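Below, each chain spelled out in residue letters.
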Amino acid sequence: PHLAALVLARGGSKGIPLKNIKLLAGVPLIGWVLRAATDAGVFQSIWVSTDHDEIEKVAKQFGAQVHRRSPEVSQDSSTSLEAIREFLNHHHEVDIVGNIQATSPCLHPSDLIKVADLIQKEGFDSVFSVVRRHQFRWSEVKKGEKKMTEPQNLNPAKRYRRQDWPGELYENGSFYFAKRHLIEKGYLQGGKMAYYEMRAEHSVDIDIDIDWPIAEQRVLSFGYFGKEPLKEVKLLVCSIDGCLTNGRIYVTEDQKEMVSYDYRDMVGIDLLKKRGIQVRLISERDCLKTLSAMQLGCVAKVSATNKLQVLEDWQKDMGLSWKEVAYLGNEESDVECLKKAGMSAVPADACALAQKAAGYICKSSGGCGAVREFAEHIFLLLEKVNSARKQ
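- The chain appears in an unreviewed UniProt entry as N-acylneuraminate cytidylyltransferase from Podargus strigoides.
- According to its UniProt record, the chain has this under Catalytic activity (unreviewed entry): "an N-acylneuraminate + CTP = a CMP-N-acyl-beta-neuraminate + diphosphate".
- The heading Pathway (unreviewed entry) in the UniProt record of the chain holds the text "Amino-sugar metabolism; N-acetylneuraminate metabolism."

Shown next as C-alpha cells:
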C-alpha cells in the first residue's frame, strides 16, 4: 500500500504569523518533522499541503512534494479532515495517510517506523499518538453556580503518589495515521484503532508564542538531528566579511579602510577557545591589517579564492572528521563549505543560497552578534553530545 506522509501547513495563523516556517533552534519549524519523516524511510511519498509560496519553498528545500490546497480548505474554520480529503481527491495512488503535525518538532523517525508497522503489518485501520500524563482532574464550577467541585480521577482521601499511579493517556496531536476508506467516510480515527504512546520528552506542541523558547530548549535536548550522531566540535571557521563584520567598508579621506565589529562576537570567540574549540577566519579580501587591528589571535586565511579548498586543508591538517567542523558563512562562496561542515550557520541577513545550505539561521545579522549566537548554539549541542555519552 502507498503510505504518504502529509503535513498540513497553511499560511494563516492567528497566534504566530507564518508559524510553520518560523525558525526553531535555527531550523524552520516544519523542517523538524520533514527530516524525521524522510529518515524514517517508510513513506512512499512525503507531502506538504499549503496555500503559501514561502511555505512551499521551505517544504521543497527539505525534499517534500507540495500540494497547493484550495482557498475552500484554507480558512480559519477549515478542519484537518477537510484538507486531507481534498489531498486524497487529487492523489488516487495514496492508500494510507500519515498526517503529521508541523508543530511537533521533537518527533523521531523511530516513532514513525513503529506506527507504520502497526498499520501495514498488524492490520490496524488507524493509529494516533498519545502521551501519558499524571494530572488530577476536577469538575469545573462555572461562575455563579452554587455547587462544589468534585474529583474526577482521584480519591482526595487516598491520593496516589506519582510513582504508584500509571497516569492517563491523552492525545498529543503529533500524528494521525488512517487508511483511505476511513478518511473518505469522514473519520481520522475508526475501524480497528490503536494508539501509539510517545515519550513525554518528545511530546512538544507549539500553540502560542510563549511556548517558543521552551520548545527550543526541548528540541535542543530531545529533538532529532539526523541519522549520524552528533560529535563534539573541534574547529569553527568563520567568514570575516558579513559574519564577523557587517560587510560594510568605511573609507577615510586618506583612503584608509575601516570596518566595525560587535564586542559580543569577540566574547563568543573567547568562549569557544576556552571550551577547547579552535577558531579560524577566512576572507576573499586581503584584510590582514584589519585582522591585526582586531587582535583576535586566530589563524586566518585572506585572499582565499577557493574557500572549500582552504577548509579541506585545515580539516585534514587537524585530523578532524567533517562532523567536528563548524562553519559560519553568508555568501554564495560559502555554500559548499556550509554543506560540508557537520554544523553550519548563517547570519539572518545572509544570501538566499547560503540560508538554504545552512543547518542553522541566526536571529542576529552579520557583525551584530551572529558569531556569539552561533557559539551559544554550539554549546547547547555539545551538552546534547555529552548527555548522549552519559546515557
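**Let's talk about the overall build of the chain**
Here is step 1: Check the secondary structure of the chain and you find 13 helices and 17 strands.
Here is step 2: The C-alpha extent of the chain, read off along each of the three principal axes, is 80 × 55 × 45 Å.
Here is step 3: Counting across all 391 residues of the chain, residues that qualify as buried make up 50%.
Here is step 4: A fraction of 65% describes how many contacts in the chain between residues 6 or more apart in sequence connect residues 24 or more apart.

**Brief notes about the state of the cysteines**
Here is step 1: This model, assessed by the stated rule, comprises zero disulfides.
Here is step 2: Of the cysteine sulfurs around Cys298, a residue in no disulfide, the closest is that of Cys238, at 8.9 Å.
Here is step 3: A relative accessible area of 18% places Cys298 in the buried class.

**Digging into the domain arrangement of the chain**
Here is step 1: Domain annotation for the chain reports domain 1 (3-134 + 165-222) and domain 2 (235-389).
Here is step 2: Computed over C-alpha atoms only, the centres of domain 1 and domain 2 are separated by 35 Å.
Here is step 3: Contacts between domain 1 and domain 2 engage 10 residues on the former and nine residues on the latter.
Here is step 4: Applying the counting criterion to the domain 1 and domain 2 interface returns one salt bridge.
Here is step 5: Between Glu216 and Lys363 there is a salt bridge whose closest N-O contact spans 3.6 Å.
Here is step 6: Inspection of the domain 1/domain 2 interface yields zero residue pairs in polar contact (both at pLDDT 80 or more).
Here is step 7: Counting residues per element, the side of domain 1 that touches domain 2 draws most heavily on helix H6 (residues 211-222), which supplies five residues.
Here is step 8: Split by residue class, the side of domain 1 that touches domain 2 holds five nonpolar, four polar and one charged.

**Concerning the packing of helix H1 (residues 29-40) against helix H4 (residues 109-120)**
Here is step 1: Remark: H1 packs on H4, axes separated minimally by 8 Å, with the N-to-C direction vectors making an angle of 55 degrees. One way to sum up the angle between H1 and H4 is to call them oblique. The hand of the H1/H4 crossing is right-handed. Within the contact between the two elements, H1 uses Ala36, Ala37, Asp39 and Ala40 and H4 uses Pro109, Leu112 and Ile113.

**Some details on the pattern of salt bridges**
Here is step 1: Per the stated rule, a full pass over the model turns up 21 salt bridges.
Here is step 2: Note that Arg137 and Glu168 form a salt bridge whose closest N and O atoms lie 3.1 Å from each other. With a gap of 31 residues between them, Arg137 in the loop between strand E7 (126-133) and strand E8 (168-179) and Glu168 in strand E8 connect regions that are remote in the sequence.
Here is step 3: Classification of Arg137 as partly exposed rests on a relative accessible area of 34%.
Here is step 4: Between Asp334 and Lys307 there is a salt bridge, and its shortest N-O distance comes to 2.9 Å. With Asp334 in the loop between strand E15 (325-328) and helix H11 (335-340) and Lys307 in helix H10 (residues 307-317), this pair connects stretches of sequence that are 27 residues apart.

**Focus on the sheet that holds strand E16 (residues 343-346)**
Here is step 1: Pairing within the open sheet is parallel, and its six strands lie in the order E14-E13-E10-E15-E16-E17. At either end of the open sheet lies a strand with only one pairing partner, and these are strand E14 (299-301) and strand E17 (360-361).
Here is step 2: Relative to strand E13 (residues 278-282), strand E10 (residues 235-239) is paired through five bridges, and the arrangement is parallel. Pairing of Ser239 across the sheet is with Ile282, part of E13.

**Some details on the pairing of strand E6 (residues 96-100)**
Here is step 1: Counting buried positions along E6 gives five out of five residues, so the element sits mostly inside the fold.
Here is step 2: Neither face of E6 is open: one carries Ile96, Gly98 and Ile100, the other Val97 and Asn99, and all of them are buried.
Here is step 3: With five bridges connecting them, strand E1 (residues 3-8) and E6 associate as parallel partners. Bridged to Leu6 within E6 is Asn99.

Rules used in this analysis
- Residues numbered from 1 in each chain as written.
- Predicted model: local features only at pLDDT ≥ 70, side-chain atom pairs only at ≥ 80, totals over all residues.
- Heavy atoms only, no water.
- UniProt positions renumbered as here; feature names shortened; annotations may be inferred.
- Helix = DSSP H or I, 4+ residues; strand = E, 2+ residues; numbered from the N terminus.
- Buried < 20%, exposed > 50% of the residue type's maximum accessible area, 1.4 Å probe, protein only.
- Contact = heavy atoms within 4.5 Å.
- Disulfide = S-S within 2.5 Å.
- Domains from an automatic or database assignment.
- Salt bridge = Lys/Arg side-chain N within 4 Å of Asp/Glu carboxyl O.
- Polar contact = N/O pair within 3.5 Å; in protein donor to acceptor, adjacent residues only side chain to side chain.
- Nonpolar A, V, L, I, M, F, W, Y, C, P; charged D, E, K, R; others polar.
- Axes fitted to C-alpha atoms, helices over the stretch in contact; angles between N-to-C directions.
- Parallel < 35°, antiparallel > 145°, perpendicular 65-115°, else oblique.
- Left-handed = near helix turned anticlockwise from the far one by under 90°.
- Pairing = 2+ DSSP bridges.

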